[in-house]
Amino acid sequence: MNTNHSLPEIIQGGMGVGVSSWQLARQVSMNGQLGVVSGTAVAVTFSRRLQEPATAELMRRILDEFPFPEIAKRVADKYQPVSEQRGDKYKMIAMPTIQQSKDAIELMVVANYAEVKLAKQGHQGLIGVNLLEKLQAPTLPSLYGAILADVDYVLMGAGIPTRIPGVITDLALNKDTSLPIKIANDTQTEPTLAHFSPTTFADGAPLPTLKRPKFLAIISSATLAMHLMRASTGAPDGFIVEHNIAGGHNAPPRGKYDLNENGEPIYGVRDEIDIQAIAAIGLPFWLAGGYGNRDQVLAAQALGSQGVQVGTAFALCEESGLNLELKLEILDALKTGGATVKTDPLASPTGFPFKVVDLKGTIGEKETGDQRKRICDLGYLREPYRKENGTIGYRCPSEPVDDYVKKGGNIEDTVGRRCLCNGLVATMGLGQERKDGSVELPIITAGDDLKFVLRFLAKGQLLYKAVDVLKVLLGEKFKPLHQ
Ligand SMILES: Cc1cc2nc3c(=O)[nH]c(=O)nc-3n(C[C@H](O)[C@H](O)[C@H](O)COP(=O)(O)O)c2cc1C
């Protein structure tokens, strides 16, 4: 066994948007394991929390130590609490683009800083930030914000994060850095780069000394692990090896694949992960997907891993960012065999299979999802593409069909797509309410393990806590609260 005790045994997986909240990550971290916040779309959720009277003051206070006070003030001043209904409930923010405005960059940096800083308050435990590789435009400012807040780990999957180790090194040294951006239909030979300059961001203010966080790549194959090891700008510091029963996005089956009778992708032998080959690399790794009890953790460690990354069990606990009413509804539905999980090959605009919970009143329910009027106003999942005139445009298969087709998108790609941006933000209870009376409804993702979460609920309890999950996962090794 390759268990290194300075490394956590349990990683509470990053769950966007906001399900792995700072409250959840902080609890896990204070109990000696790795708590992870989601950095995905926190610019949206932070701007909305600044506007929500119940959270506005805390969001402003956490910025007191932001190293660049003028920037923090500019951001906080822009998103004043909503006092009375005027137009849409929340002020909109700029959609992410490769070359972003100063305002948009400031909000992304500040929002990621705030989420990590809140999670790190008042203890010495480890905190990580999770980002999705596919969401390219926000990556550099998000990473810089998290590093400014002294984040300990960066975890990134949903793509091939070859350049991320080098980028993290640059940002931790306050060096200018860049990231090649994938552009659909590109005709140009030179890569398009997104840039970030800490010096320009700080606008002449002194730059603080920063720590380089460790980088864990989330992968689903030994081939990808080996590819990342060969990257010229640096290798990861470890791996999360995620099986396709995990919540959130899943790697698609290799090659052309069939669907089962429920319309879910069928995985085969080629999709089995060669754990031995990953262990042979010699870096620490954690297994993810369906690890919900002590025996499973021990079985994972017997394969050479440090332990496991768990999402679904934490997603339903009291401290997670999932809206309380939804949590209770899911737990109730589970008691009668409801809230089933489907691996939907179409729902996500990314084209990756995405696990969706079938729950009434959410866009995970087919009829409700089909009825949603298409609107694209958050834009995190828009894909950059090269227009005929050589400039870059942005499109998303969940946007209005005509718009997508006008931008050169295939009409077939729009079928069955859901607006994950608005849906996932609504799952936190921060959904937009528009002046025309329409309200964005939630969408819930969870792993196949969802049906087992009732095991964490003691008799007579309505909810369980993050420590209840840790107790089950760690057994006798569980040590309460380390501060
Ligand atoms: C609600 C939810 C949202 C998730 N969102 C993300 C995400 O934004 N980024 C990511 O890398 N993984 C995401 N995941 C995957 C988890 O980080 C974790 O790897 C996975 O949940 C482990 O499998 P389990 O669900 O069986 O515990 C999500 C999982 C859930 C349940």
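The structure presented is a predicted model; accordingly, all values stated were derived computationally and were not measured. (Residues numbered from 1 in each chain as written. Predicted model: local features only at pLDDT ≥ 70, side-chain atom pairs only at ≥ 80, totals over all residues. Heavy atoms only, no water.)

Our focus in this paragraph is helix H2 (residues 42–51). Counting buried positions along H2 gives ten out of ten residues, so the element sits mostly inside the fold. Within H2, the full set of buried residues consists of Val 42, Ala 43, Val 44, Thr 45, Phe 46, Ser 47, Arg 48, Arg 49, Leu 50 and Gln 51. Lining the buried residues of H2 we find helix H1 (22–30), strand S2 (35–38), helix H3 (53–61), helix H4 (69–78), helix H5 (102–120) and helix H16 (420–427). (Buried < 20%, exposed > 50% of the residue type's maximum accessible area, 1.4 Å probe, protein only. Helix = DSSP H or I, 4+ residues; strand = E, 2+ residues; numbered from the N terminus. Contact = heavy atoms within 4.5 Å.)

With that settled, the discussion passes to unusual backbone geometry. A cis amide bond, omega -10 degrees, links Gly 16 with the succeeding residue Val 17. Positive phi is not limited to glycine here, since Asn 174 has a value of about 60 degrees. Mapped onto the secondary structure, Asn 174 falls in the loop between helix H7 (164–172) and strand S5 (177–181). Judged by relative accessible area, which is 13%, Asn 174 ranks as buried. Unlike most non-glycine residues, Asp 203 shows phi in positive territory, near 50 degrees.

Within the secondary structure, Asp 449 is located in the loop between H16 and helix H17 (466–474). No salt bridge is formed by the buried Asp 449; its nearest oppositely charged neighbour, Arg 455, is found at 4.7 Å. Ignoring anything within four residues of it in the chain, the contact list for Asp 449 reads Gly 290, Tyr 291, Gly 292 and Thr 312. (Lys, Arg positive; Asp, Glu negative; His and termini not counted. Salt bridge = Lys/Arg side-chain N within 4 Å of Asp/Glu carboxyl O.)

Okay, the pairing of S5 next. Of all the five residues making up S5, four are buried; the element is thus mostly covered by neighbouring parts of the structure. Of the pairings in the sheet, the one linking S5 to strand S6 (residues 192–196) comprises five bridges and is antiparallel in character. Bridged to Pro 180 within S6 is Leu 193. (Pairing = 2+ DSSP bridges.)

Taken together, 20 residues are adjacent to the ligand, and Glu 242, Gly 290, Gln 309, Gly 311 and Thr 312 come closest. One of the backbone N or O atoms of Gly 289 is found 3.3 Å from an oxygen atom in the ligand. Note that an oxygen atom of the ligand is positioned 2.5 Å from one of the side-chain N or O atoms of Thr 312. Breaking the shell around the ligand down by element, the ones donating at least two residues are strand S3 (127–132) and strand S10 (307–310). Grouping the amino acids of the shell around the ligand by side-chain chemistry returns seven nonpolar, twelve polar and one charged. (Near = heavy atom within 4 Å. Polar contact = N/O pair within 3.5 Å; in protein donor to acceptor, adjacent residues only side chain to side chain. Nonpolar A, V, L, I, M, F, W, Y, C, P; charged D, E, K, R; others polar.)

For the rest of this paragraph, the subject is the confidence of the model for the chain. Averaged over the chain, the pLDDT score is 94; the fraction of residues at 70 or greater is 98%. Note that pLDDT drops below 50 for residues 1–5; the model gives that stretch eight contacts with residues more than four away or on any other chain. (pLDDT = per-residue confidence, 0-100.)

Ranked by internal contacts, the top residues of the largest apolar core, which has 131 residues, are Phe 46, Phe 66 and Phe 314. Looking at this core, the element that brings in the most residues is H5, giving eleven residues. Beyond its immediate sequence surroundings of up to four residues, Phe 66 is in contact with Ile 71, Ala 72, Val 109, Val 110, Tyr 113, Leu 148 and Phe 201. Ranked by size, the runner-up nonpolar core spans eleven residues in total, among them Leu 7, Ile 11, Leu 34 and Ile 240. (Core = buried A, V, L, I, M, F, W, Y, C linked by side-chain atoms within 4.5 Å.)

Once that is clear, we can look at the pattern of salt bridges. Taken as a whole, this structure holds 28 salt bridges when the rule is applied. Residues Glu 9 and Arg 294 are paired through a salt bridge, measuring 2.9 Å at the closest nitrogen-oxygen approach. Of this pair, Glu 9 sits in the segment before strand S1 (10–12) while Arg 294 sits in helix H11 (residues 294–302); the two residues are 285 residues apart in sequence, bridging distant segments of the chain. A single burial state applies to Glu 9 and to Arg 294, both of which are buried. A salt bridge links Lys 211 to Asp 150; the shortest N-O distance between them is 3.2 Å. Residue Lys 211 is located in the loop between helix H8 (198–202) and strand S7 (214–219), and its partner Asp 150 is located in the loop between helix H6 (139–148) and strand S4 (153–157); the two are separated by 61 residues in the primary sequence. Exposure remark for Lys 211: the relative accessible area of 33% places this residue in the partly exposed category. Salt bridges sharing partners connect three or more residues here, namely Lys 120, Asp 150, Asp 152 and Lys 211.

All buried positions along H1 are accounted for by Trp 22, Leu 24, Ala 25, Val 28, Ser 29 and Met 30. Note on H1: the residue one or two positions beyond its end, Gly 32, has a positive phi of about 90 degrees.

This next bit is on the packing of aromatic side chains. Inspection of every chain in the model, using the stated rule, returns seven aromatic pairs. Ring centres 5.8 Å apart and planes at 75 degrees place the aromatic pair Phe 66 and Phe 68 in the edge-to-face group. Assessed through its relative accessible area of 3%, Phe 66 is described here as buried. Ring plane angle 85 degrees and centroid distance 5.7 Å describe the contact between Phe 68 and Phe 201, whose orientation is recorded as edge-to-face. You can see Phe 68 sitting in the loop between H3 and H4 and its partner Phe 201 sitting in helix H8, a full 133 residues away along the chain. The class of Phe 201 is buried, set by a relative accessible area of 7%. An aromatic cluster is present here, built from Phe 66, Phe 68, Tyr 113, Tyr 144, Phe 196 and Phe 201 joined pairwise through their rings. We note Lys 134 situated over the ring of Phe 352; from NZ or CZ to the ring centre the distance is 4.7 Å. (Phe/Tyr/Trp six-rings, centres within 6.5 Å; stacked < 30°, edge-to-face > 60°. Lys NZ or Arg CZ within 6 Å of the ring centre and 35° of its normal.)

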